[in-house]
Amino acid sequence: MTIKADHRHLYLQVIDRLKSDIEAGIFKENEKLPSEFELSKSLGVSRATLREALRLLEEENVIVRRHGVGTFVNPKPLFTSGIEHLSSISSMIETAGMEPGSRFLKATEHTPSEEDLKRFQCDGDDKILTIERVRTADGEPVVYCIDRLPASFLPTDFVEKKEVSLFSALEQSGKIHVAYAVTYIDPIGYHEQASPILNCGRETALLVLKQLHYDDHDQVVLYSKNYFRADKFSFHVVRKRV
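Residues numbered from 1 in each chain as written. Predicted model: local features only at pLDDT ≥ 70, side-chain atom pairs only at ≥ 80, totals over all residues. Heavy atoms only, no water.

A few points about unusual backbone geometry
Here comes step 1: Despite not being glycine, Asp-138 has its phi angle at roughly 50°, a positive value.
Here comes step 2: In this fold, Asp-138 is placed in the loop between β5 (128–137) and β6 (140–150).
Here comes step 3: Its identity is not glycine, yet Asn-199 carries a phi of approximately 55°, on the positive side.
Here comes step 4: Among the secondary structure elements, Asn-199 is positioned in the loop between α8 (194–197) and β8 (206–215). (Helix = DSSP H or I, 4+ residues; strand = E, 2+ residues; numbered from the N terminus.)

The structure is reproduced here in structure tokens:
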């Protein structure tokens, strides 16, 4: 499988060849790749060229390099979604042909912090509700969700019902409509709280989506911090030239 010269940089050819081999099943998911020496020799490229290709493949989350252990093929994400539209985690799981589920962890009510007061423009006497849940796909935990909002925005029996959609509960009174969200995405490694909940080892990365949900009057009505397993989910965005 030696790389043949063309007009592109060699490391780009190496990337294409390794992706093709992974797609063809020559290198399987979670399988350890041959050593750099063996790969560079079989591809007919220098180790410097191979390392650059591996670096870029790791940035794309195609492979993961574990110090002192080796390089492994990452499994393909089961769930993928654009972030241009607000879509539920349940719909992403259903699109992949799996059964969505929710596991309620806890709900705590507390006085607003300084950040809450600015974020929700609430009063110091208002109560803030923090809800922790785990979203599952065919019973397997895939997302750890932390939602924070003024308690007055939800029906009084929301916590008891547990399984009710948070968006549906927010909009139940007819006074609130979630119009859009501003999302921040951060990749992180092992997380002391989220990783054990999602049954992740130290080698499994997470994607953290922090979202500010706004109503039709540009008022923040919900703050969410969701920890997604990076080996299960991928997100993309369509960017148009202006």
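Quick look at the packing of helix α2 (residues 36–43) against helix α3 (residues 47–59)
Here comes step 1: As a packed pair, α2 and α3 sit with axes 9 Å apart at the nearest point and diverge in direction by 105°. Considering their axes alone, α2 and α3 lie roughly perpendicular with respect to each other. In this structure, α2 uses Glu-36, Phe-37, Leu-39, Ser-40 and Leu-43 to contact α3, whose residues at the interface are Arg-47, Leu-50, Arg-51 and Leu-54.
Here comes step 2: Looking at the contact of α2 with α3, its residues break down into five nonpolar, one polar and three charged. (Axes fitted to C-alpha atoms, helices over the stretch in contact; angles between N-to-C directions. Parallel < 35°, antiparallel > 145°, perpendicular 65-115°, else oblique. Contact = heavy atoms within 4.5 Å. Nonpolar A, V, L, I, M, F, W, Y, C, P; charged D, E, K, R; others polar.)

Regarding the pairing of strand β1 (residues 63–66)
Here comes step 1: Summarising the sheet, β1 and strand β2 (residues 70–73) pair through four bridges and their orientation is antiparallel. Opposite Arg-66, over in β2, you have Gly-70 as the bridge partner. (Pairing = 2+ DSSP bridges.)

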